[in-house]
Amino acid sequence: MELVSVSESFAKTRLKYLDSLNDFGEKLMFYQAFVFLLPPFYMDERGQAKRAMMRDILSIDEAEESELVSHLKRTGRLKVINGGLMVLVSADDAKVALEELWMSKADAMSTLIDGFLGI
Amino acid sequence: MINKKIILSKIAALKGEEACRYVSRAIKNIGARINCAGDLDQAVDLLELLAVVAYKAPEKALEATASVLDDNSLINTQGRRSGQDLFRTSHDTLINKAFDVLLALRYLKPEEVMKSVLLYSRAQSESLRLGAERVATEMAKYDYGILTKTNLGYQPQRFILDKLLNIPQNDRIGFASLIKVVSKEILATSIIGHETTGPNTLTMYSSSVAPTESLRGIRMDALGLVADMCISSQKDAEKIGYLNVLRESIKEPMHGNYGENLLLMLEEELKWLLGVYRRVVFDDKGALAVGLGVVASMDEHLYWLSRTRHACGALLGRLREDIAANPVYALLDCYVGGGDEIAYGFGSDELMSRRGVRNDALIESVSSENSGVWASRFEMVATARDVVDDWKFTVFRDLLRNFAAKKPELAFKMLADSMKNGGSLRFFSSSILLGLRMSSNLDLWDRLVNQVEQDDMAEMRPLVADSLVRNPDGQELIRFRKEEADWLCAVKYEGDLRLEYSVLRAMLINSLDDPGRLTSAVVKLLKQSKFNQYHLPSLEASLMNKWLDLSSFAPKDLRGLKKVLVSVPSFDWHAQGIVLAIGKQDPSSMLEILLGRIKMGRGRKRFSLEDRYEPIPHHFHDGLAKALSAMPELVSRLIPWFEKAGERWSPMLADMGRLLGNVKTMASEVMDVLISTGQEKGLWQVLYMLKFQHNEPDLEVFIKIVGLTDNKKIWAECMAALSSAGGVYGEDGLARIFKARAEALKPFLGSENSRVKTFAEEAIKNLLDHAERERVEAEEERELRRIEFEG
């Protein structure tokens, strides 16, 4: 376990791949995939650092993030326990989303995960 | 917080090509990063990550691991990767993590893993050897999951055994430890496994091996390997180690159902094993080929087998008869316990009577003509102490004691010769010396002890002290002489725990014969010893047995004893027992010692492992608590202590809190006095002390405190105390406790004291908030467990 940190080079590379990420559907998939990959994921102050990193990676603001979460909740993919812990209703759905992302954006995903793993 | 292992394991579980390619590349990158890791911690983290996904690219994972294990300069050069004080520990951790990677690959790359195991099982570094053995053990284990969910069957066991069998005969001794641990696993008959079958469910499985042809072949080869090692081994202790593996191998499964087939297989193996045992014990001419300890160990096993394995009864009985017929072993069998106890029952009348008759006859038969023969026999039995458990020599010790009592001159000569020649019988000198004392052959005792002192035989001194028993077996009291007291008081301990123990015990047992002198010597020993904590049980026992009379202590010695009780690091059950005994004569001494400990605790390191000092223990002696409660002047003696103590938190106040928490009546009286002053100093002292009382908070006390002050800091402290709890049970345990406390506070909402009323309102709100938060956390914990289970 380590504190959330993203190196400068990682941030630059990330932007190169993800600046073009405008499609709402893709962002939804990314968000879902991150909730799956980075548990525990909290909506309250406990998840602030992690969610700020997510917003930075997806180049979205808090309003857009709220819209993504609301959509995922509305479509029955996500639930929030007592306003805190974010839980995926189906881990299998998230796996499919992750597979798709990897097929469509393999380089971007590799860069992101390398950054998370620090390798 | 990001958990790298979770991220990587989740990606590794994906089936897509791109994800697989990524994981493979990640493993390579991790390997490269390990090689240039800045410190051990980083390398350990990377190896942990590698172990999670090694199965996805085994070759690359092996390469990365080899670079850690093969890097001799890394392993032997301190500080190359870390300048920490705990370098060695961290380095062992690194090695263990590398072996974790090998462990993850044991079924995927058995050839390569086994190559590393064989290489490192002979390494100089213990951590490398143990790591290699750990991997081999896991590989040889009958794993429930592997047996039920793969088609591997017994292949892993066959594979690893073949590797061991391929080691050239002459080299096998170098792999002795590996062969032992692996064979033990291969020859097991039980299979145990577990599986997480739900977010909150762990299912345990137990079963037994199936006696298929392939398993029979594996087992016979493994038995053959161990038997060969046992026969060719040169040392008795090693032979016993191999015999223990063989002994375990023919045990029936501990769990699960098994049928006749398995029992038949074990019977066949036992028949074969009996032949091996014969070859181990006897040479070609039928003489004993091994030390008595090995024979004793085997005979004990054979006895128990004869009770359960009737199918091999005749064969087994014949081997036992042949062993028993050996005159040298017969001696050991008779006089080193084991056989007799088993046959006639431990401590039974028949056993004691038979033994008495036999001993008397034997002692009678020893004469000056044949004493040389008997001396060498006794020496032979005594030599077995290297491999036979000490408690089994009780019978032999009794024999020697009676022999010395009845034939003192012969016993004296045997022991003197053994001392002179460095024989093993000298390690049993306490029995012979005691026998000489029992028969009043005190001049012989003096001569032997003088010899010990003259030749400065340090290892003999504890045995001399052990011979100074007062009334063995409840027989007539043995006279304790001035010469013996002189010797005890003159012994130089020099930090020898064993010697201190024996000397102290002898002094305590005999203290009534020379009270003034010996009690002084006891206190002197306790004051000087760095092991005084270990000696307190003996002191307590002697008080309980009335060997020691505290009223005979000179005032100076009693003061010394109290100082010892203040200085011992742990105020354990025995120390408290002694304080209680002192308190029966002088109740004020109890408080004096306890306050002394609290004062001493002020300057000591509580959390240092080397220099730990616990002034007041968590487990308090009931008798001591009662005795303290019964002291009428207790509160009046304690109040001045609080007047001198400050209002800020201090270790002394914490220890006083712990003491009062154990003596409840005292606590409430003292606290009432402190609260009734209405001064904030007293209120703070009460609050700090309450922190160290592991009881349910007393609401009345908090209400009394807040009713006297508007100080918000004091209110906050009361609130914090109400919101903390010690042990609870169940996921919602804390929530239940907080709700119950809120409920208990409700009557105070109607209090006429406005402070109390306000506090009750705030505390109830706080507690209910806490309860709700605890409920939410419990729900989140359940979800997190579900996430972890579903992956």
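None of these values were measured; they are calculated from a predicted model. (Residues numbered from 1 in each chain as written. Chains lettered and ligands numbered in written order. Predicted model: local features only at pLDDT ≥ 70, side-chain atom pairs only at ≥ 80, totals over all residues. Heavy atoms only, no water.)

## Quick word on the overall build of chain A
Selection rule: What counts as a helix is a DSSP run of H or I of at least four residues, what counts as a strand is a run of E of at least two, and both are numbered from the N terminus. Exposure is judged per residue with a 1.4 Å probe applied to protein chains only, and the accessible area is read against the type maximum: over 50% gives exposed, under 20% gives buried, and values in between give partly exposed. Should any heavy atoms of two residues lie within 4.5 Å, those residues are counted as being in contact. The method behind every accessible area is Shrake-Rupley, applied with a 1.4 Å probe, and residues are considered shielded solely by the protein chains displayed.
Each helix and strand counted, chain A has 6 helices and 3 strands in total. Looking at chain A residue by residue over its 119 residues, the buried ones come to 49%. Taking all contacts inside chain A whose residues are at least 6 apart in sequence as the whole, residues at least 24 apart take part in 64%. Of the roughly 5,400 Å² that chain A leaves accessible, carbon and sulfur atoms contribute 49%.

## Some words on the overall build of chain B
Convention followed: Using C-alpha atoms as the atom set, the radius of gyration is obtained and then compared with a globule rule of 2.2 Å times the number of residues to the power 0.38. For the purpose of counting charges, residues Lys and Arg are taken to be positive, whereas Asp and Glu are taken to be negative. His and the chain ends are not included. Taken as the charge centre is NZ of Lys, CZ of Arg, CG of Asp or CD of Glu, depending on the residue.
When you go through chain B residue by residue, the secondary structure sums to 41 helices and 2 strands. Computed over the C-alpha atoms, the radius of gyration of chain B is 35 Å, more than 25% above the 28 Å expected from 2.2 N^0.38 for a compact globule of 791 residues. In terms of overall dimensions, chain B has C-alpha extents of about 100 × 90 × 55 Å along its principal axes. Burial status across chain B gives 48% buried among its 791 residues. At a minimum sequence separation of 6, the contacts of chain B that also span at least 24 residues come to 68%. Here chain B carries 104 positive and 110 negative side-chain charges, and the mean point of each set is 2 Å from the other.

## Looking at the packing of aromatic side chains
So the rule is basically this: Between the rings of Phe, Tyr and Trp (Trp by its six-membered ring), a pair exists once the centres lie within 6.5 Å; its type follows the angle of the planes, with under 30 degrees stacked, over 60 edge-to-face, and the other angles tilted. Only lysine NZ and arginine CZ atoms are considered, and such an atom sits over a ring when it is within 6 Å of the ring centre and within 35 degrees of the ring normal.
In total, this model carries 18 aromatic pairs over all chains according to the counting rule given. Ring centres 6.1 Å apart and planes at 35° place the aromatic pair Phe 531 of chain B and Tyr 534 of chain B in the tilted group. Judged by relative accessible area, Tyr 534 of chain B falls into the exposed class, the value being 55%. Each residue in the set Trp 374, Phe 378, Phe 393, Phe 396, Phe 403 and Phe 428 of chain B is aromatic and connected to the rest through ring pairs, giving one cluster. Its end group placed over the ring of Tyr 42 of chain A, Arg 46 of chain A keeps NZ or CZ at 4.0 Å from the ring centre. Over the aromatic face of Phe 36 of chain A sits the side chain of Lys 10 of chain B, whose NZ or CZ is 4.2 Å from the ring centroid.

## Thoughts on the interface of chain A and chain B
By a widely used convention, the size of an interface equals the accessible area lost when the partners come together. Inclusion rule: Summed over both partners, the accessible surface that disappears when two parts come together, traced with a 1.4 Å probe, is what is meant by buried area. What makes a salt bridge here is a side-chain nitrogen of Lys or Arg within 4 Å of a carboxyl oxygen of Asp or Glu, nothing more. Two N or O atoms form a polar contact when they lie within 3.5 Å of each other; inside protein one atom must be a possible hydrogen donor and the other a possible acceptor, and for residues adjacent in sequence the pair counts only when both atoms belong to side chains. Each residue receives one of three labels: charged for Asp, Glu, Lys and Arg, nonpolar for Ala, Val, Leu, Ile, Met, Phe, Trp, Tyr, Cys and Pro, and polar for the others, Gly being one of them.
Across the boundary between the two partners, chain A contributes 35 residues, which contact 31 residues of chain B. Both faces considered, chain A and chain B share a buried interface measuring about 3,100 Å² in area, 65% of it formed by carbon and sulfur atoms. Counting every contact that joins chain A to chain B gives 3 salt bridges. For Glu 780 of chain B, the salt bridge goes to Arg 46 of chain A, with nearest N and O atoms at 2.9 Å. Between chain A and chain B we count 10 residue pairs in polar contact (both at pLDDT 80 or more) in total. Those elements giving two or more residues to the side of chain A that touches chain B turn out to be helix H2 (24-37), helix H3 (48-58), strand S2 (78-81), strand S3 (85-88), helix H5 (91-104) and helix H6 (106-117) of chain A. Its residues assigned to classes, the side of chain A that touches chain B comprises 24 nonpolar, 4 polar and 7 charged.

## With respect to the pattern of salt bridges
Applying the stated criterion across every chain yields a total of 54 salt bridges over all chains. For Glu 26 of chain A, the salt bridge goes to Lys 105 of chain A, with nearest N and O atoms at 4.0 Å. One end of the pair, Glu 26 of chain A, is in helix H2; the other, Lys 105 of chain A, is in the loop between H5 and H6, and 79 residues separate them in sequence. Of the residues examined, Glu 26 of chain A reaches a relative accessible area of 21% and is grouped as partly exposed. As a salt-bridge pair, Arg 46 of chain A and Asp 44 of chain A come within 2.9 Å of each other at their nearest N and O atoms. Three or more residues joined by partner-sharing salt bridges are found here, namely Arg 437, Asp 446, Arg 481, Glu 483 and Glu 484 of chain B.

## Some remarks on the confidence of the model for chain B
Residues and elements named next belong to chain B. Rules: What pLDDT conveys is the predictor's confidence in a given residue, as a value from 0 to 100.
Averaged over every residue, the pLDDT of chain B is 87; residues scoring 70 or more account for 93%. By mean pLDDT, helix H5 (residues 72-76) is the weakest element of chain B at 42, and helix H10 (residues 155-165) is the strongest at 97. Confidence over residues 72-89 falls short of pLDDT 50; this stretch has 29 contacts with residues more than four positions distant or in other chains. Across the interface, the model reports ipTM at 0.88; the global pTM reads 0.74.

## Regarding empty space enclosed by the protein
Cut-off, in case you're wondering: Cavities and pockets are defined on a 1 Å grid built over the protein atoms alone: a cavity is a set of grid points where a 1.4 Å probe fits but cannot escape, while a pocket is an open set with protein on both sides within 12 Å along at least five of seven lines, and lining residues are those with an atom within 4 Å of any such point. Grid points are joined across faces, edges and corners, and a volume is the space filled by probe spheres set on the points.
In the structure shown here, the tally under the stated rule is 2 cavities of 30 Å³ or more. By volume, the largest cavity is sized at about 130 Å³. In this structure, the largest cavity is lined by 13 residues; those nearest its centre are Phe 36, Leu 88 and Ala 91 of chain A together with Lys 10 and Ile 787 of chain B. Mapped by element, the contributors of at least two residues to the lining of the largest cavity are H2 and S3 of chain A together with helix H41 (754-790) of chain B. In this model, the second largest cavity occupies a volume close to 30 Å³. Contributing to the lining of the second largest cavity are Leu 243, Asn 244, Arg 247, Tyr 277, Ser 297, Met 298 and His 301 of chain B.

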